[in-house]
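Given next are the chains, with one letter for each unit.
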Amino acid sequence: MKKLVATLGLTLAAMSANATEVRLYGLVDLGISATRANGQTNVEMKSGMRNSSRFGLKGTEDLGNGYKIGFILESQFKADSGVLQTEGTLWERESSLIIDTPYGKITAGRIGYLKGVVGSTALLNSYRVNPFGGVMSNYVTGFKAYTTGTTWYVNNGIVYASPKFSNTEVFLQYSNGYNASNPDDSDTFNSNDRYYAAAVRYMNGPLFLQSIVDTTNLGNEKNKSTVNDKNSRDPISLGFQAAYDFGFIKPYFMIEGFKNSQLNKIGGSTGRSVAKVGGFDGVGGTLVVQWPMFGGKAKFGGGYLKAERAEEKTAADKFDVTRCGLSAGFDYNLSKTTHLYVDAGYFHQKEETLKATTKSHSSEFVMGMVHYF
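Computed from a prediction, not measured in an experiment: that's the story for all the values here.

## A few points about empty space enclosed by the protein
- For the structure on display, the rule yields three cavities of 30 Å³ or more.
- Approximately 70 Å³ is the volume attributed to the largest cavity.
- Lining the largest cavity are 11 residues, with Leu124, Thr147, Gln241, Met254 and Glu256 positioned closest to its centre.
- Looking at the lining of the largest cavity, the elements with two or more residues in it are strand 11 (236-244) and strand 12 (250-261).
- Classifying every residue of the lining of the largest cavity gives five nonpolar, four polar and two charged.

Written out as structure tokens, the structure reads:
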């Protein structure tokens, strides 16, 4: 921890020596969560139930003629305890170098997935695809409960974003050895898990349309005891997002089909057993509406997912998962930099094997405040 503090101090000192186009920014999100899950009640103070508490440094240098060089260093912490979100990782959310040209923008380093909510390269921004965002609380589920698991950040990544043409942008992403087991991608090419993603986005006035596809080419040489070119079952997903602002109401729609993919774990105990059984094939989606009310914004919606274990060689391998949930909320801007929120959610999950069916019912009420700086 002392090394991380020293590193941050040196970074801030270096930035102050050349402060042109460099700024410090961040937010603190803190609130109270009351959860009822499988007959047990829990009340706790939590950080980041709406937005992850964070701080960052961002800078650009204009080279002229439409060319710019920039960087982003962004960290994440728990406001209730003051510790880093992940011990030993200072710039957890992003550490990137950016080259912006008339022919497109390239972002490289530790960056967000295109199919994600974190960082400058993420395309599932909550204000565009779902006003509840991903899962920041336990059972106010947003969209993460109903989609698959590449939603955070990737090491050794590179993203190309095209210039806009006819209100349309194209995005491409690649990472060679992106996962935590090989963070510096030093293994041979065939040993690394290689991540690929592509997206197209159309925005024209109140209309928003977007599609994202991603896959991971598993490192066959490193995992050849269980994975090879003949039996490789690489995870893949294809998603579509849409929204339209009618003024008096704004509907948001998402759907994703997936194969051989990990489901996200939700809340405390709910979903824990799912994480043990490997990849799933299935489909999931959400529908949410948002409208102005009492000087703020009210929202209501839900989601549904149906999935089955990807490799069922015998009847005993059967493992089906069904998820559904509803969420409601209200957001109010107390000022330009301070926002209040209240959310409530209900979540249901059913797990079916050959011998048994297990059902989980969970609910949550949260209230909190976000302050931006």
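From this point, things continue past the structure.
## So, the nonpolar core
- Judged by nonpolar contacts, the single largest core of 19 residues is most densely connected at Leu114, Leu123, Leu124, Val129, Phe171, Ala199 and Ile212.
- Leaving out residues up to four positions away in the same chain, Leu114 has contacts with Thr121, Ala122, Leu123, Leu124, Val159, Phe171, Leu172, Gln173, Ala197, Ala198, Ala199 and Ile212.
- Core analysis: the second largest hydrophobic core is formed by 13 residues, Leu263, Ile266, Ala307 and Phe319 among them.

## Notes on the pairing of strand 6 (residues 104-112)
- Here seven bridges tie strand 5 (residues 94-101) to strand 6, and the two strands are oriented antiparallel to one another. Within strand 6, the position partnered with Ile99 by the bridge is Ile106.
- Counted between consecutive antiparallel strands, the loop separating strand 5 from strand 6 contains two residues.

## A word on the packing of aromatic side chains
- Applying the stated criterion across every chain yields a total of nine aromatic pairs.
- Seen from their ring centres, Tyr174 and Tyr196 are 5.1 Å apart, and the 50 degrees between their planes marks the pair as tilted. Pair noted here: Tyr174 is in strand 8 (residues 168-176) and Tyr196 is in strand 9 (residues 194-204), with a separation of 22 residues, a long-range link.
- By relative accessible area, Tyr196 is classed as partly exposed at 35%.

## With respect to a nonpolar patch on the surface
- Taken together, the side chains of Leu63, Tyr67, Ile69, Leu97, Ile99, Tyr103, Ile106, Ile158, Tyr160 and Leu172 present a nonpolar region at the surface, about 900 Å² in accessible area.
- Tracing the chain through its elements places Ile99 in strand 5.

## Structural notes on unusual backbone geometry
- For Asn65, which is not glycine, the phi torsion reads 60 degrees and is therefore positive.
- Assignment of secondary structure puts Asn65 in the loop between strand 3 (54-64) and strand 4 (67-76).
- The class for Asn65 is exposed, based on a relative accessible area of 73%.
- Located in the positive-phi region is Asn260, a residue other than glycine, with phi close to 55 degrees.
- Among the secondary structure elements, Asn260 is positioned in strand 12.
- Exposure remark for Asn260: the relative accessible area of 14% places this residue in the buried category.

## Some points on the confidence of the model for the protein
- The pLDDT averaged across the protein works out to 86; a share of 83% of its residues lies at or above 70.
- Low pLDDT (under 50) marks residues 227-231, which in the prediction has six contacts with non-local residues, meaning those over four places away or in another chain.

## As for the side chain of Arg201
- Along the chain, Arg201 falls in strand 9.
- By relative accessible area, which is 8% here, Arg201 ends up buried.
- A polar contact of 2.8 Å, which involves the side chain of Arg201, links it to the side chain of Glu169.
- Residues within four places of Arg201 in sequence aside, it is in contact with Leu123, Arg128, Asn167, Thr168, Glu169, Phe171, Phe208, Leu209 and Gln210.

Procedures and definitions
Residues numbered from 1 in each chain as written. Predicted model: local features only at pLDDT ≥ 70, side-chain atom pairs only at ≥ 80, totals over all residues. Heavy atoms only, no water. 1 Å grid on protein atoms, 1.4 Å probe; cavity = no way out; pocket = protein on both sides within 12 Å on 5 of 7 lines; lining within 4 Å. Points joined across faces, edges and corners; volume = space filled by probe spheres on them. Helix = DSSP H or I, 4+ residues; strand = E, 2+ residues; numbered from the N terminus. Nonpolar A, V, L, I, M, F, W, Y, C, P; charged D, E, K, R; others polar. Core = buried A, V, L, I, M, F, W, Y, C linked by side-chain atoms within 4.5 Å. Buried < 20%, exposed > 50% of the residue type's maximum accessible area, 1.4 Å probe, protein only. Contact = heavy atoms within 4.5 Å. Pairing = 2+ DSSP bridges. Phe/Tyr/Trp six-rings, centres within 6.5 Å; stacked < 30°, edge-to-face > 60°. Patch = residues over 30% accessible without salt bridge, like charges linked within 9 Å, V, L, I, M, F, W, Y side chains within 5 Å. Areas by Shrake-Rupley, 256 points an atom, 1.4 Å probe, with all protein chains shown as cover. Salt bridge = Lys/Arg side-chain N within 4 Å of Asp/Glu carboxyl O. pLDDT = per-residue confidence, 0-100. Polar contact = N/O pair within 3.5 Å; in protein donor to acceptor, adjacent residues only side chain to side chain.

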